[in-house]
Amino acid sequence: MRKNRSAAIAAASFLILSGAGIATAPSAFAGTPGGTHANDRNSDFNGDGYEDTLVAAPKATVSGQQGAGLVTVQYGSTRGIGTTNIARFSQSTAGVAGAAEAQDGFGSAVATGDLDGDGFDDAIVGIPGEDIAAVADAGGVTVLWGSKQGLSGAASDWLQTQEPTKGEQFGSALAAAHLTGDTPGDVLGVLDRDDLELFAYEPAAGADGAAPLKRQARQRLAGPGEERHILPKSLTTGDYDDNGYADLVVSGVTVGPEEPGHGWSTYLSGHAEGLVQERDLRGGPVAASGDINNDGYDDLVTGEPNSPDDGGETMTGGLVGVRYGGADGPSDEVRWWTQDTAGVPGTAERGDGWGGDLSVADTDKDGYADVAIGAPGEDIGTVADAGAVWVLRGSAAGLTANKAASWDQNSANVPGAAEKGDKWGAQVRLTDPNSDGRFGLLASAPGENSGDGWVWVMSAGTSGITANGTWTYGASTLGAPSAKSAFGAAIDE
C-alpha cells in the first residue's frame, strides 16, 4: 500500500485532442538518447554496449506475500546472457518504494528507456494491483535508474495517477522512447484502465526531494457515445515516418454494442514540438515495431489473438497485420497473416491465440527485420494450450513466408515437453545481448511447471533462429522465488 504522493508528480494535465501537440517545458539539456528506430534501441542498464534482459514474475511470493511480484535482470556480455551476472528487484528491495503485498503484481508490465538522458537505460516496472491508501488496485509505477553499476533500488522513483480510483490499474502497460525534442531523455507512456498518461524528466525537480518525472499529458482514447471506443491494452513505439522522433501506438480492443472485441490502435506521431494524435488503425491489442523491408521507416505489426468472426471472414485462430511505414506514418493499407496463409506452418484453429505476442528484429543480420509470433493457445497434438512460436522473415518486398519456421516444446533440440496449459510463446522477445547483430529469441511459458514459469533461449546464426543449443531457466535458477510465480509473464523488448 502507498500513501498518496500526488504532490511529488503534480503537473497540469490535459486531454490530447486530434491535431493538437503536447506542450512540454523547454530543457537546457540537449541530446537524443538511444536510437529512435525500434530495432536500433536496446536495454543497456550499465552502458557497456550490451543489451540486458528484464524478465518479470508478477505472481511471485515475496516476503510471504503471494502475488507480490518481482523482476530479474540479466546483464549482457560477449557471451550473451547467463544466470550469474544478474540482479533481482521487488518492493522488498531496499530503496524501492512501497512494500511487497499480496496481489500487487509487481512486474505485470515492464519497459526500458533512457528517461534522464544520461546514457544509461532505466527500467520501468508496472504494479497495477497496488493499493493507494484505501483505494484498491489503483496501481503504481516504479522507475529503477540505470548507472555504470547497473540498476539499483536505492534511488528508485515512484509514479501514480493524480486521483487514484478503485480498479484503475495504473501501470498496466508501459513504453518509453524519444517522442519529442523538448526533453533531455525518453518520454514515458503509462496506461491504466481507460487512459494514457505521459511523463518527462525535469532535472531540477529532484532538488527538493520530489520525483524528477513530471506528468505532461493525459488522454482518453474515446468516450462513451463516440464512434469507436477503444479499451487500451498495450503500447509500442517506432519511427514510422523516419523524422528522427519516435511515434507512439496505443493498441486495444473495441467495446460497446457495435462490433465489440475487434483490435484497433491509435497512432500518435512524434515531432520536435510534441506528439500529435493522427488516426485510428485496424489491428491490436498486441503490437510491435521494426523495419521489415529495410527502407528506413519502421513498420507496425499488430496481433489479434482472439478476433471474432468479421463479416463472414473467420479469424478465430489469430490474426497478424503488417502496415509499412512511410512519410505519413503507418500505411492505411494492411497485409493480414494467419496460420492458413500460404507458406506459414500450421493450421488456424479456434483458440490458438496466434499473435498473442510479437517481436520484430533482424535474426540473421541481412538488414531486414523478422517477426516472431507467439501462439500460447496452440494445441500440440492432443495437448491443449501447450503453445508454440513462429518466425516469419523480412525482405525487400516486406514480410514473407519464405523460410518461415515454427517450434514447440516437442520440436527437436527444444528442452522440455509440450504439456497442457504451458502457454509456451505467451511472450516472445528478439534480443541481441552479445551485440553481434543477430537477434536471438526468448520464448516464455508462464504456465510451465504448474504456473512457476520458465524461459527458453534460442540462438541466432547466419540462417536466423535455430533450436540447436537452446537452453532454459526459471526464477529459481536466478535465485528468486519460483512457486507459481508466472516467471516470463512479461519480458521487456
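Computed from a predicted structure; not experimentally measured.

Asks: Would you take a moment to explain the overall build of the protein chain for this structure?
Replies: Within the protein chain, the secondary structure is distributed over one helix and 30 strands. Taking as baseline every contact in the protein chain between residues at least 6 positions apart, the subset at least 24 positions apart corresponds to 57%. Carbon together with sulfur atoms contributes 47% to the accessible area of the protein chain, which is approximately 17,800 Å² in total.

Asks: Help me understand unusual backbone geometry, please; the structure alone is not making it clear to me.
Replies: Residue proline 285 is bonded to the preceding glycine 284 through a cis peptide linkage, with omega at 10°. Among the secondary structure elements, proline 285 is positioned in the loop between strand E15 (274–282) and strand E16 (286–290). In this model, glutamine 169 sits at a positive phi of 55°, which is unusual for a non-glycine residue. You can call glutamine 169 partly exposed: its relative accessible area is 37%. Non-glycine residue lysine 403 carries a positive phi angle of around 70°. Here lysine 403 is to be found in strand E23 (residues 400–407). Judged by its relative accessible area of 60%, lysine 403 falls in the exposed class.

Asks: Can you help me understand the sheet that holds strand E20 (residues 357–361) in this one?
Replies: The strands that make up a sheet pair up through hydrogen bonds in the backbone, lying either parallel or antiparallel. Strand order in the open sheet made by the four strands is E20-E21-E22-E23, with antiparallel pairing throughout. The strands lining the two open edges of the sheet, one partner per strand, are E20 and E23. For this sheet, the mean inter-axis angle between neighbouring strands, taken without regard to orientation, is 20°. Pairing geometry for E20 and strand E21 (residues 370–375), over five bridges, is antiparallel. Within the sheet, the bridge partner assigned to alanine 361 lies in E21 and is aspartate 370.

Asks: Teacher, can you tell me more about the side chain of serine 485 here?
Replies: By the element assignment, serine 485 lies in the loop between strand E29 (471–473) and strand E30 (490–491). Serine 485 sits in the buried class, given a relative accessible area of 0%. A polar contact of 2.9 Å, which involves the side chain of serine 485, links it to the backbone oxygen of aspartate 452. Contact partners of serine 485, with chain neighbours within four places excluded, come to Ala57, Pro58, Lys59, Ala60, Gly451, Asp452 and Ala475.

Asks: Where do I start with the sheet that holds strand E12 (residues 229–238) in this structure?
Replies: Sheet architecture is open: four strands sit in the order E12-E13-E14-E15, paired in antiparallel fashion. Taken across any chain shown, the strands that pair with only one partner, and hence form the sheet edges, are E12 and E15. Each strand of the sheet is rotated relative to its neighbour by a mean of 25°, with strand direction disregarded. Here eight bridges tie strand E14 (residues 263–271) to E15, and the two strands are oriented antiparallel to one another. Looking across to E15, one finds that threonine 266 is bridged to aspartate 280.

Asks: Explain the nonpolar core here, please?
Replies: Note that soluble globular proteins tend to have their nonpolar side chains buried in a common cluster. Among the nonpolar cores identified, the biggest contains 24 residues, and Val301, Trp337, Trp354, Leu358, Val371 and Ile373 are the most heavily contacted of them. When contributions to this core are tallied by element, the ones reaching two or more residues are E16, strand E18 (319–323), E20, E21, strand E22 (388–393) and E23. In this structure, Tyr75, Ile132, Ala138 and Ala490 belong to the second largest nonpolar core, which totals 21 residues.

Asks: Just to check I follow, could you spell out the environment of glycine 171 for this structure?
Replies: You can see glycine 171 is positioned in the loop between strand E7 (157–159) and strand E8 (173–177). Sequence-wise, glycine 171 and phenylalanine 106 are 65 residues apart; in three dimensions their C-alpha atoms are separated by 9.7 Å. Residues within four places of glycine 171 in sequence aside, it is in contact with Ala109, Gly126, Ile127, Pro128, Gly140, Val141, Val190 and Leu191.

Asks: Looking at this model, I keep getting lost on the pattern of salt bridges. Mind explaining?
Replies: As a working rule, side chains carrying opposite charge can pair if their charged atoms are close by. Applying the stated rule across the entire model yields nine salt bridges. Residue glutamate 493 is joined to arginine 429 by a salt bridge in which the shortest nitrogen-to-oxygen separation is 3.8 Å. Residue glutamate 493 is located in the segment after E30, and its partner arginine 429 is located in strand E24 (residues 427–431); the two are separated by 64 residues in the primary sequence. Judged by its relative accessible area of 10%, arginine 429 falls in the buried class. Residues participating in the shared-partner salt-bridge network are Asp357, Arg429 and Glu493.

Asks: Which parts of the structure should I look at to understand the confidence of the model for the protein chain?
Replies: In low-pLDDT segments, the atomic positions of the prediction should not be examined closely. Summing up the model confidence of the protein chain, the mean pLDDT is 88 and the portion of residues at 70 or higher is 87%. This model gives residues 1–34 a pLDDT under 50, and the stretch forms 92 contacts once residues within four places in sequence are excluded.

Asks: Could you clarify how one ought to interpret the pairing of strand E17 (residues 299–304) in this entry?
Replies: Taken residue by residue, a regular strand's side chains alternate between the two faces of the sheet. The buried count for E17 comes to six of six residues, which makes it a mostly enclosed element. Neither face of E17 is left uncovered, since the one carrying Asp299, Val301 and Gly303 and the one carrying Leu300, Thr302 and Glu304 both have all their residues buried. For E16 and E17, the ladder comprises five bridges, and the chain directions are antiparallel. Paired with glycine 290 across the strands is aspartate 299, a residue of E17. Bridging between E17 and E18 involves five bridges; their strand directions are antiparallel.

Asks: Sorry, what's going on with the side chain of aspartate 104 here?
Replies: Topologically, aspartate 104 is positioned in the loop between strand E3 (86–89) and strand E4 (109–113). Relative accessible area serves as the criterion here: at 2%, aspartate 104 is assigned to the buried category.

Asks: Which parts of the structure should I look at to understand the packing of aromatic side chains?
Replies: Centre distance and the angle of the planes are the two values used to describe a pair of aromatic rings. Overall, the coordinates contain seven aromatic pairs when judged by the stated rule. Look at tryptophan 354 and tryptophan 390: their rings are 6.1 Å apart centre to centre, the planes differ by 90°, and that puts the pair in the edge-to-face class. Within this pair, whereas tryptophan 354 is found in the loop between strand E19 (335–337) and E20, its partner tryptophan 390 is found in strand E22, the two being separated by 36 residues in sequence. For tryptophan 354, a relative accessible area of 0% corresponds to the buried category. Look at tryptophan 390 and you get buried, because its relative accessible area is 2%. Look at tyrosine 473 and phenylalanine 487: their rings are 5.9 Å apart centre to centre, the planes differ by 70°, and that puts the pair in the edge-to-face class. On the criterion of sequence distance, the pair formed by tyrosine 473 in strand E29 and phenylalanine 487 in the loop between E29 and E30 is long-range, its members being 14 residues apart.

Rules behind the numbers
- Residues numbered from 1 in each chain as written.
- Predicted model: local features only at pLDDT ≥ 70, side-chain atom pairs only at ≥ 80, totals over all residues.
- Heavy atoms only, no water.
- Helix = DSSP H or I, 4+ residues; strand = E, 2+ residues; numbered from the N terminus.
- Contact = heavy atoms within 4.5 Å.
- Areas by Shrake-Rupley, 256 points an atom, 1.4 Å probe, with all protein chains shown as cover.
- Buried < 20%, exposed > 50% of the residue type's maximum accessible area, 1.4 Å probe, protein only.
- Pairing = 2+ DSSP bridges.
- Axes fitted to C-alpha atoms, helices over the stretch in contact; angles between N-to-C directions.
- Polar contact = N/O pair within 3.5 Å; in protein donor to acceptor, adjacent residues only side chain to side chain.
- Core = buried A, V, L, I, M, F, W, Y, C linked by side-chain atoms within 4.5 Å.
- Salt bridge = Lys/Arg side-chain N within 4 Å of Asp/Glu carboxyl O.
- pLDDT = per-residue confidence, 0-100.
- Phe/Tyr/Trp six-rings, centres within 6.5 Å; stacked < 30°, edge-to-face > 60°.

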